[in-house]
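Commentary on secondary and tertiary structure
Listed below are the residues making up each chain.
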Amino acid sequence: MEETPLIIRDYLARQRTRMANERTLLSYIRTSLYFLVSGTALVKVEDLANISSFGYFSFAISIVLIIVGFFNFFRVRRKMRKGYYHKM
């Protein structure tokens, strides 16, 4: 099936959607790194030994955010390539 040529407005809308998807992935990565750093700080400080479990919890949140971020990125990218991006 041949795709009809896009007018400039539709082409720019697709480009904005693609860039927004990339920005969202970078936001997930940035937030994950914040949780990773805070988890490391909570685990390494000996004076705060009673809250080191929050550090490990922060590590877990970091891993979950990375997984969710990449899953969302590839899901949206696949929908855009198939042309279903307006049904997200």
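Residues numbered from 1 in each chain as written. Predicted model: local features only at pLDDT ≥ 70, side-chain atom pairs only at ≥ 80, totals over all residues. Heavy atoms only, no water.

1. Concerning the pattern of salt bridges
For the structure shown, the criterion picks out two salt bridges. Residue aspartate 10 pairs with arginine 9 through a salt bridge whose shortest N-O separation is 4.0 Å. With a relative accessible area of 31%, aspartate 10 lands in the partly exposed category. Taking relative accessible area as the criterion, arginine 9 reaches 58% and is therefore assigned exposed. Close ionic contact of glutamate 22 with arginine 18 constitutes a salt bridge, the shortest N to O distance being 2.9 Å. Of this pair, glutamate 22 and arginine 18 both sit in helix H1 (residues 8–44), four residues apart, roughly one helical turn. (Salt bridge = Lys/Arg side-chain N within 4 Å of Asp/Glu carboxyl O. Buried < 20%, exposed > 50% of the residue type's maximum accessible area, 1.4 Å probe, protein only. Helix = DSSP H or I, 4+ residues; strand = E, 2+ residues; numbered from the N terminus.)

2. Observations concerning the layout of surface pockets
Volume-wise, the largest pocket comes out at about 160 Å³. If you trace the largest pocket, you find 10 residues lining it, with Arg14, Gln15, Arg18, Arg77 and Met80 closest to the centre. When contributions to the lining of the largest pocket are tallied by element, the ones reaching two or more residues are H1 and helix H2 (52–82). Counting residues per element, the lining of the largest pocket draws most heavily on H1, which supplies six residues. (1 Å grid on protein atoms, 1.4 Å probe; cavity = no way out; pocket = protein on both sides within 12 Å on 5 of 7 lines; lining within 4 Å. Points joined across faces, edges and corners; volume = space filled by probe spheres on them.)

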